[in-house]
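What follows is the residue order along each chain.
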Amino acid sequence: MITSTLTTKQTGTQVMTEMVTEMPKQRVGMLGGTFNPPHLGHLIIADQVGKQLGLNKVLFMPNAQPPHIDPKLAIDPLLRARMVRRAIFGNPLFDLEMSEIQRGGKSYTYDTMVDLKTRHPKTEYYFIIGGDEVAYLPKWHRIDELAKIVTFVGVGRAGYKKQTPYPVIWVDVPTIDISSSMIRDRVKRGQSIHYLVPEAVEAYIKEHQLYHE
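As recorded in an unreviewed UniProt entry, the chain goes by Probable nicotinate-nucleotide adenylyltransferase and comes from Furfurilactobacillus milii. In its Catalytic activity (unreviewed entry) section, UniProt records this for the chain: "nicotinate beta-D-ribonucleotide + ATP + H(+) = deamido-NAD(+) + diphosphate". Turning to the chain, the UniProt record has this under Sequence similarities (unreviewed entry): "Belongs to the NadD family."

Structure (structure tokens):
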């Protein structure tokens, strides 16, 4: 919402208009990943974190080339982005962030968030990660600098301790045992993925014959 105050002073033929515009800070969640493919677990995490923290938006940000995953395992980033767009359709809290795909190359979170903060200096970013990723934060690219420009939000996961040298907000989310690798394997085996991914994503996978090899 933009709040504006308009004051008009008129002297003869001269009209002087003063407008003061105050832009409130936006609190935006970031859910990055390969989304290969996106599934209901991603949607539940984003929705729960967004609503529990009262965020204005949660942006799904597919990476171009994951830095720590064999790139041959990830299909074309534009295909993954199209599936994400279909997965989040209809939820006004969600949106798609294409920064990493547009930049191309290996997707390092630090580089992306510096770019986003430069373009949106008044936005407070909350970077959402799983409990397993929290344990690896010390190994992240330029983590000390990254921790100064984002707030990490950890999603609790069984078997991982909530211990890290970096500040993390922990959010409890229902445990949904779904993974993208499991879905790819089920597709390859000809097994059903119904109710594991949104119907629009399931249809897209079938239409484009994804994950059959």
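Now that the structure has been shown, the text picks up again.
Student: Is there a simple way to think about the sheet that holds strand 3 (residues 26-33) in this case?
Tutor: Paired through backbone hydrogen bonds, the strands of a sheet run either parallel or antiparallel to each other. Here 6 strands make up an open sheet; going across it, the order is 5-4-3-6-7-8 and the pairing parallel. In the strand order of this sheet, the two ends are held by strand 5 (94-96) and strand 8 (168-171), each with one partner. Taken pair by pair, the neighbouring strands of this sheet meet at an average axis angle of 30°, ignoring direction. Direction of pairing for strand 3 relative to strand 6 (residues 123-130): parallel, over a ladder of 5 bridges. Looking across to strand 6, one finds that glutamine 26 is bridged to threonine 123.

Reading the values: the criteria
Residue numbers restart at each chain and count upward from 1, following the sequence in its written direction. Only residues with pLDDT of at least 70 get local features here, since the model is predicted, and only at 80 or more are side-chain atom pairs given and counted; chain-wide, interface and lining totals rely on the full set of residues. The basis for every side-chain value is the complete set of non-hydrogen atoms in the structure, without hydrogens or water. UniProt positions are given in the numbering used here, feature names are shortened, and annotations may be inferred rather than shown by experiment. When DSSP finds two or more bridges between a pair of strands, those strands are recorded as paired. Comment: elements are numbered from the N terminus, with helices defined as DSSP H or I runs of at least four residues and strands as E runs of at least two. Only the stretch in contact is used when a helix axis is fitted, and all axes are lines through C-alpha atoms; the angle between N-to-C directions ranges over 0 to 180 degrees.

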